[in-house]
Amino acid sequence: MIQTKTIVGVAHGDGIGPEIMEAVLHILHKAGASIQAAPVRMGKQVYESGVSAGIDPSAWELLHQHPILLKAPVTTPQGGGYKSLNVTLRKSLSLFANVRPVRAFSPYVPTISPKMDLVIIRENEEDLYAGIEHQQTADVVQCLKLITRPGCEKIIRYAFEYTRAQGRKKLTCMTKDNIMKQTDGLFHQVFREIGAEYPEIEQDHMIIDIGAAYVAQRPEQFDVIVLPNLYGDIVSDIAAQVAGSVGLAGSANIGPRCAMFEAIHGSAPDIAGRGIANPSGLLQAACMMLQHIGQGDVAARISNAWLATLEDGIHTADIFRDGFSRAQVGTMAFANAVVDRLGESPQHLRKEVLTASAPIIIPPYQRAAVQKTLVGVDLFLDWVGEDPQALGQVISNLAGPEMQLKMITNRGVKVYPEGLKDTFCTDHWRCRFVSAKATVATEVKTYSPISYQQILDLCTSLHQAGFDIVKSEHLYEFDGVRGFSLGQGE
Ligand code: NAD
């Protein structure tokens, strides 16, 4: 029976991209990977032809038909008007999971943590990367941090399934939910909920600051780590740096249908065209791709030959060390050295056993029915006065009999009632109004319901009195549970 080859979109990229891609495709071919490369145009030339995202329109059709992309790094042209090609690809193709294995190759690549062998799974679509930013007053700009339940469920389910499929033992979640109780709190809560379905996997949670410090100092204690987008971006670079192998790491961007695989480094224009770049990062990415498309055996053959090449001291200039390496070679000579060792295994480094992982299927999101109750509003005012007590008294009087001013904060610090004279204030005041009816004091501090018309009437009164409302946020309870952070002393 003739085996059909998997068609893979191949973007040769810019700078060192074409050189390392040629080397990687050569290794894949010699190792017997059952793939057929379909060239995809993306990068500098496409940007400069006037396509602001840097992706040729024909690429979308190809990726629709053949949803696997092996991508070499591209150069982002200097100057405004260009979009990030990677962010466009991730969002357009719903590549929600960024998977980055980081392993030490000591003593061949020096590192402080020779036993380090972890995988970072970063949420790839939401968080502060939604790019929703506004200037609201002369003093204040804001960026919206959006964390969604379906987004959390997808990435956390993926992380547990990945941990199980790879035979790994422990999954650590990192957030800052001691401060961001709603957004990071949701991520952590979903981690606990879904974690209950995976009792065989050891689970823990760390606050991101100490977690990142431990990744930097004793990364060998981690196995798999799952994080929201921004923390994942930072921690994955820390981990790669600590492994001493920024040039050796690959990453996978996984979606429900499409997947994109690339090295973590850029297009290295400083060494482009000289045939000296290290193709290892892209090769690691290609091995992840092979595993993803069910050719884990070929991936393992390549990985083990690559480890044997490292051990034999055949090194490209970036990792060459006098007295330690045996030969300094260029990109293609390195690729040939890997090809020569196909079928061999490393003698000292841990051998890779890459099984052909079954695709990870994420169940469709099921939105639960909830009772949503409007209980108040935060109105943000652009106000250049200095005395919050004066502001509080005026807007309290404007609230009418049905609403009451609960508090005013400036940059999240309560300044009314009973603020401190030392608190620095900007021109951006968050004024919380709730129903004037008595609040029912429960553990979750439930307020009485209000109507949207009451908010409109309140806004009208403030507007007519000359206040500049720059934003409003409604306060809701969901099934009786508060869906907003409390101000100090509330
Ligand atoms: P870079 O990763 O390209 O280079 C940083 C340093 O590492 C340079 O000294 C370079 O020579 C070296 N280096 C990188 N890869 C190497 C390899 N395989 N072998 C040997 N040495 C290697 O980062 P940069 O200089 O900040 O960025 C250059 C360009 O790449 C920019 O246009 C940037 O936007 C782009 N970039 C693209 C991607 C991507 O496509 N995923 C990622 C990062 C940066």
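Everything quoted here is computed from the prediction, not taken from an experiment. (Residues numbered from 1 in each chain as written. Predicted model: local features only at pLDDT ≥ 70, side-chain atom pairs only at ≥ 80, totals over all residues. Heavy atoms only, no water.)

Caption draft 1: Structural context of empty space enclosed by the protein. Under the defined criterion, the tally for this structure stands at two cavities of 30 Å³ or more. When its volume is computed, the largest cavity comes out at roughly 50 Å³. What lines the largest cavity is V87, R90, K91, R122, N124, Y129 and N229. The dominant element in the lining of the largest cavity, judged by the number of residues it contributes, is helix 4 (residues 85-92), at three residues. When residues of the lining of the largest cavity are assigned to domains, at least three map to each of domain 1 (1-95 + 244-353) and domain 2 (112-238). If you add up the space inside the second largest cavity, you get close to 30 Å³. (1 Å grid on protein atoms, 1.4 Å probe; cavity = no way out; pocket = protein on both sides within 12 Å on 5 of 7 lines; lining within 4 Å. Points joined across faces, edges and corners; volume = space filled by probe spheres on them. Helix = DSSP H or I, 4+ residues; strand = E, 2+ residues; numbered from the N terminus. Domains from an automatic or database assignment.)

Caption draft 2: Layout of the nonpolar core. Counting 75 residues, the largest nonpolar core has L70, I121, I156, V226, F261, L290 and I302 as its most contacted members. When residues of this core are assigned to their parent elements, the largest contribution, eight residues, is made by helix 9 (residues 280-292). For this core, the domains that each give at least three residues are domain 1 (1-95 + 244-353) and domain 2 (112-238). Ignoring sequence-local partners within four residues, the contact set of I121 consists of N98, V99, I155, Y158, A159, Y162, V224, I225, V226 and L227. Counting residues in hydrophobic clusters, the runner-up holds 22 residues, among them L381, M403, F433 and I455. (Core = buried A, V, L, I, M, F, W, Y, C linked by side-chain atoms within 4.5 Å. Buried < 20%, exposed > 50% of the residue type's maximum accessible area, 1.4 Å probe, protein only. Contact = heavy atoms within 4.5 Å.)

Caption draft 3: Representation of the sheet that holds strand 18 (residues 428-435) in the model. Judged by pairing direction, the sheet is antiparallel, and its six strands sit side by side in the order 17-16-18-15-19-20 without closing on themselves. Either end of the sheet is taken by a strand with one partner, and the two such strands are strand 17 (413-416) and strand 20 (481-482). Pairing analysis gives two bridges linking strand 19 (residues 468-478) to strand 20, with the strands arranged antiparallel. Bridge pairing in strand 20 links E477 to R482. Where helix 13 (residues 452-464) meets the sheet, its contacts fall on strand 15 (372-382), strand 16 (403-410), strand 18 and strand 19, and the angle it forms with strand 15 comes to roughly 15 degrees. (Pairing = 2+ DSSP bridges. Axes fitted to C-alpha atoms, helices over the stretch in contact; angles between N-to-C directions.)

Caption draft 4: Broad picture of the state of the cysteines. Overall, the coordinates contain zero disulfides when judged by the stated rule. Sulfur of C143: no disulfide; nearest cysteine sulfur belongs to C152 and is 17 Å away. Residue classification places C143 among the partly exposed residues on the basis of a relative accessible area of 31%. Free of any disulfide, C425 has its nearest neighbouring cysteine sulfur in C431, separated by 11 Å. With a relative accessible area of 25%, C425 lands in the partly exposed category. (Disulfide = S-S within 2.5 Å.)

Caption draft 5: Inspection of helix 4 at higher detail. Along helix 4, the residues classified as buried are L85, N86, T88, L89 and R90. Where helix 4 terminates, the next one or two residues include S94, which has phi positive at roughly 55 degrees.

Caption draft 6: Up close: the site of the ligand. Around the ligand, a shell composed of 18 residues is seen, among which G266, S267, A268, D270 and N278 lie nearest. In the model, a nitrogen atom of the ligand is placed 3.2 Å from a nitrogen or oxygen of the E262 side chain. A distance of 2.8 Å is found between a nitrogen atom of the ligand and a backbone nitrogen or oxygen belonging to N278. Burial of the ligand by the protein amounts to 63% of the accessible area it has alone, namely 820 Å². (Near = heavy atom within 4 Å. Polar contact = N/O pair within 3.5 Å; in protein donor to acceptor, adjacent residues only side chain to side chain. Areas by Shrake-Rupley, 256 points an atom, 1.4 Å probe, with all protein chains shown as cover.)

Caption draft 7: Structural view of the pattern of salt bridges. Applying the stated criterion to the full structure yields 23 salt bridges. For D56, the salt bridge is made with R41, and the minimal N-O distance between the two is 2.8 Å. Highlighted residues: D56 in the loop between helix 2 (44-48) and helix 3 (57-65) and R41 in the loop between strand 2 (35-39) and helix 2, separated in sequence by 15 residues. Judged by its relative accessible area of 15%, D56 is buried. K176 is the salt-bridge partner of D209, the closest N and O atoms lying 2.8 Å from each other. With a gap of 33 residues between them, D209 in helix 7 (residues 208-217) and K176 in the loop between strand 8 (170-175) and helix 6 (183-195) connect regions that are remote in the sequence. (Salt bridge = Lys/Arg side-chain N within 4 Å of Asp/Glu carboxyl O.)

Caption draft 8: The arrangement of the environment of I7 in detail. Relative to the assigned elements, I7 resides in strand 1 (residues 6-11). In the structure, I7 is positioned 78 residues away from L85 in sequence and 22 Å away in space, judged by C-alpha atoms.

Caption draft 9: Quick look at the environment of G81. Structurally, G81 can be placed in the loop between strand 3 (68-71) and helix 4. Taking the C-alpha atoms as reference points, G81 and V51, 30 residues apart in sequence, are found 9.9 Å from one another.

Caption draft 10: Representation of the domain arrangement of the chain. Under the domain assignment used here, the chain contains domain 1 (1-95 + 244-353), domain 2 (112-238) and domain 3 (372-482). On a C-alpha basis, the centres of domain 2 and domain 3 stand 33 Å from each other. At the interface, eight residues of domain 2 touch seven residues of domain 3. At the boundary of domain 2 with domain 3, the tally comes to four residue pairs in polar contact (both at pLDDT 80 or more). Taken together, the residues of the side of domain 2 that touches domain 3 sort by class into three nonpolar, four polar and one charged. (Nonpolar A, V, L, I, M, F, W, Y, C, P; charged D, E, K, R; others polar.)

Caption draft 11: Looking closely at the packing of helix 9 against helix 10 (residues 296-311). Two elements in contact, helix 9 and helix 10, have axes separated by 7 Å at closest approach and are oriented at 155 degrees. One finds that helix 9 runs roughly antiparallel with respect to helix 10. Seen along the crossing, helix 9 lies across helix 10 with a hand that is left-handed. Residues S280, L283, Q284, C287, L290 and Q291 of helix 9 lie in contact with helix 10, whose contacting residues are G296, V298, A299, I302, S303 and W306. A breakdown of the residues in the contact of helix 9 with helix 10 according to their chemical character gives seven nonpolar, five polar and no charged. (Parallel < 35°, antiparallel > 145°, perpendicular 65-115°, else oblique. Left-handed = near helix turned anticlockwise from the far one by under 90°.)

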